[in-house]
Amino acid sequence: MFQTLFLKESKQIVRSIVYYIYVVVFVMFLSSQLGSELTERMEKPEPGQESYGTINSKDESAIMEKYLGELVLETNHNSYATYPMGFIKRVTLNNTELDKIKSIVEVCTGKSWEKIIEDIENHFQKYNQSTMEGAIQAQVEFSIFPKESLSYKEFCNNMEQVCKIIGAGSSYNKEKLNLGVGVPMTYEQAVEEFEAVCKKDRITGTTARLFCDYAGIILSILPIFLGVTRCLRDKRAQVSQVVYAHRASAFQILGSRYLANVCMAFLPVVITAFVMQLPYQYHAKTIGVSPDILAFLKYTCIWLLPEIMIVLAVSFFITELTENVLAIFIQVFWAIISLFGSMSLKGNFGFGLIARWNALGDTNEFWKQKQEFFINRGFYFALSLVVFLLAIVIYEKKRKEGETIYGKIFKHRK
Amino acid sequence: MGRYLNIGSSFIRRHYIPHLLLTFLFCCISGFFASFRNLDASQAAKVMEMYVAFTGIFLFTPLFMPEQNKEIWLLEKSKGMDLWKLYLIRILQAIVLLAIVITIFIQVMKQGNSQFSFEKLWLGSFSEIFFLGSIGFFVSGITNQVVLGYMISVIYFISNIGVSKYLGHFALFQMMKGSYDFVVPMSIAALILIVGGIALREKINQ
């Protein structure tokens, strides 16, 4: 029975226009983000290179330089990024507040604000601002040296004052400072990183991680539409009562639907990951590394499958409960909060829906955070099963007692 | 006139109220996600384009909600009043509500000591949000699937974050860059989508 229902559901999904849009948007999004030039960034570092990329550092002086640079730039534009509800909110200050921040910057640097503006102009003149790369590089490499006598404790106290002026969720809070900052890598560090990419990731592991990073963003939204469409189909076709009267149990009916949706949503993900991995498999062989040919499967199963499962489970649950499209609004909102609310583009997984690792490499750092990553994905895997079971309970209740309108079950029993 | 008002209020009571509540809630929680104080023209445009834009999707996409039930649709077809008149009443309601929402947001920013041209931002926001909403309206109209309407308009919004340079005058987020050339082409496109949505809907789903 379950198998027959599962096959029927899968066939229905394949015939649905929503599914084709899902596949096309997914493939287009991924191909626009992942280009073949990635192989150029996986060459063995040579001594004397201009740059070796960046590495995360928790060195106190590096943190002070970077955050002072960020504060100066934000003050110059009078636009501060804050995260009061996990979602980015730009705050603009009035002149009195702005003057207070400027005086804090002057205390930290020992320079006048006019001199600092001069430093900003000198720094940005060195870069070609007309190109995206130049503008980003200028921004990334900008930092301001604190005055020599400034201790890290004093710096933190000053940043606390800044937080009070800017308001809730400021980027200069202690938790954010403790995450560390990106600093340029030395040759030795670059070699160590490259060896980790070759030995631990066997090249394809690192590209699979980047694939999952981008795919995770779009998969936090797209499966919602599959789930909501499926749950509303019976209502649209006015066959809910016929299905309720079916001899199959609620677990079999809803279980086969859910499983079919999970499998069909995951299928294009695995295929795209496999196809996109092929050039890197070849690249690994050309540089004498034996590639991990199953990396695409391992990473997609652990990274993306729990995400698809939870997104679908929540959309099943909300749609079964409300019998309308409310799940779309709630879940798109959740996805956007998770995307913009993440404090870092690399790691610090916490319990965010979208796990980010927007880096090619940084293998050693990923290995350090692996346990936190597994906890995050395991949590969503377990949660998806719980939420799905709740959806079955709702479905069974509706089946026995009647229909729901805005979440309230109306009894039709006499 | 009374008949038209009756139709409008019946639609709001029976189908539109959850969407209106959602829009209201969305406006109420805006303070957590957007700042309304001391903004310049570009920052004020950002609030309208990145946040308020969603109200277009909320207000215009569900306008064909009653006809999701084919029996209701058939019943409406059997009545003396043309269906396009019915749809037009709903569109006018949505347009008035959108104008109110936009005016409130812009007024709040003005009162927060923000510096921008009220008329320019109002017109730009209205045409852009109306255009985004008309995409959802058009898709849900021709497919008679509200979910598809939401899906395409949300995807259009998200894709503009990365590929707006390929969309010319139909790209969102242009006010943030100081450009207002899109107002006329986008308004015309929105009207075409609205009229096309109604006309094609009845032909395709006959």
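Residues numbered from 1 in each chain as written. Chains lettered and ligands numbered in written order. Predicted model: local features only at pLDDT ≥ 70, side-chain atom pairs only at ≥ 80, totals over all residues. Heavy atoms only, no water.

Buried accessible area, meaning the area lost when the parts come together, often serves as the stated size of an interface. The partner chain B presents 31 residues to the 35 residues of chain A that form the contact. Surface buried jointly by chain A and chain B totals about 2,800 Å² across both partners, of which 71% is contributed by carbon and sulfur atoms. Three residues, T92(A), R236(A) and F329(A), lead the burial of chain A against chain B; their summed loss comes to 23% of the area buried on that side. Inspection of the region where chain A meets chain B yields 1 salt bridge. Note that R37(B) is salt-bridged to E97(A), the shortest N-O span being 3.9 Å. The interface formed by chain A and chain B includes 3 residue pairs in polar contact (both at pLDDT 80 or more). Counting only elements with at least two residues in the side of chain A that touches chain B, the list comes to α2 (17-33), β3 (89-91), α11 (222-236) and α15 (326-341) of chain A. (Contact = heavy atoms within 4.5 Å. Buried area = accessible area lost by both parts, 1.4 Å probe. Salt bridge = Lys/Arg side-chain N within 4 Å of Asp/Glu carboxyl O. Polar contact = N/O pair within 3.5 Å; in protein donor to acceptor, adjacent residues only side chain to side chain. Helix = DSSP H or I, 4+ residues; strand = E, 2+ residues; numbered from the N terminus.)

A separate point is the environment of I116(A). Residue and element names in this part refer to chain A. In this structure, I116 sits in helix α5 (residues 113-125). Measuring from C-alpha to C-alpha, the distance between I116 and T207 comes to 41 Å, with 91 residues separating the pair along the chain. When near neighbours in sequence (up to four residues on either side) are disregarded, I116 contacts V72, V105, T109, K111 and I144.

On to the pairing of strand β4 (residues 181-184) of chain A. All names here are of chain A. Residues V181 and V183 line the buried face of β4, whereas the alternating positions G182 and P184 sit on a face that is not buried. Strand direction decides the pairing type here: strand β1 (residues 54-57) and β4, joined by 4 bridges, are antiparallel. Its bridge partner being in β4, I55 is matched across the sheet by V183. (Buried < 20%, exposed > 50% of the residue type's maximum accessible area, 1.4 Å probe, protein only. Pairing = 2+ DSSP bridges.)

The next thing to look at is empty space enclosed by the protein. It is a probe the size of a water molecule, rolled over the atoms, that shows where empty space is left. Residues and elements named next belong to chain A. Per the stated rule, a full pass over the model turns up 2 cavities of 30 Å³ or more. Space inside the largest cavity adds up to approximately 100 Å³. Around the largest cavity, the lining residues are C231, L232, D234, K235, S240, Y244, R257, T319, E320, E323, Y395 and K398. Of all the elements in the fold, those that place two or more residues in the lining of the largest cavity are α11, α12 (240-244), α14 (295-322) and α17 (370-401). Of all the elements, α11 adds the most residues to the lining of the largest cavity, at 4 residues. As a volume, the second largest cavity reaches approximately 50 Å³. (1 Å grid on protein atoms, 1.4 Å probe; cavity = no way out; pocket = protein on both sides within 12 Å on 5 of 7 lines; lining within 4 Å. Points joined across faces, edges and corners; volume = space filled by probe spheres on them.)

Here we come to unusual backbone geometry. All names here are of chain A. The backbone of R202 sits at a positive phi, close to 50 degrees, despite the residue not being glycine. Assignment of secondary structure puts R202 in the loop between α9 (187-201) and α10 (204-219). What makes R202 partly exposed here is its relative accessible area of 31%.

Applying the stated rule across the entire model yields 44 aromatic pairs over all chains. Note on F54(B) and F157(B): the rings are 4.6 Å apart at their centroids and 45 degrees apart in plane angle, and the pair reads as tilted. Placement of the pair is F54(B) in helix α4 (residues 54-60) and F157(B) in helix α8 (residues 146-163), with a sequence separation of 103 residues. As far as the burial class goes, F54(B) and F157(B) line up, both buried. The interplanar angle of 75 degrees and the centroid separation of 5.9 Å between the aromatic rings of F131(B) and Y156(B) together place this pair among those described as edge-to-face. Of this pair, F131(B) sits in helix α7 (residues 118-143) while Y156(B) is found in helix α8, placing the two residues 25 residues apart along the sequence. Take F131(B): its relative accessible area is 5%, and that puts it in the buried class. Here Y156(B) falls in the buried class, since its relative accessible area comes to 16%. What links up through ring pairs into an aromatic cluster is the set F329(A), F333(A), F26(B), F32(B), F33(B), Y51(B), F54(B), F58(B), Y150(B), F157(B) and F173(B). Of note, R201(B) hangs over the ring of F64(B), and the distance from its end group to the ring centre comes to 4.0 Å. The lysine or arginine in question, R201(B), covers the ring of W73(B), its NZ or CZ lying 4.2 Å from the ring centre. (Phe/Tyr/Trp six-rings, centres within 6.5 Å; stacked < 30°, edge-to-face > 60°. Lys NZ or Arg CZ within 6 Å of the ring centre and 35° of its normal.)

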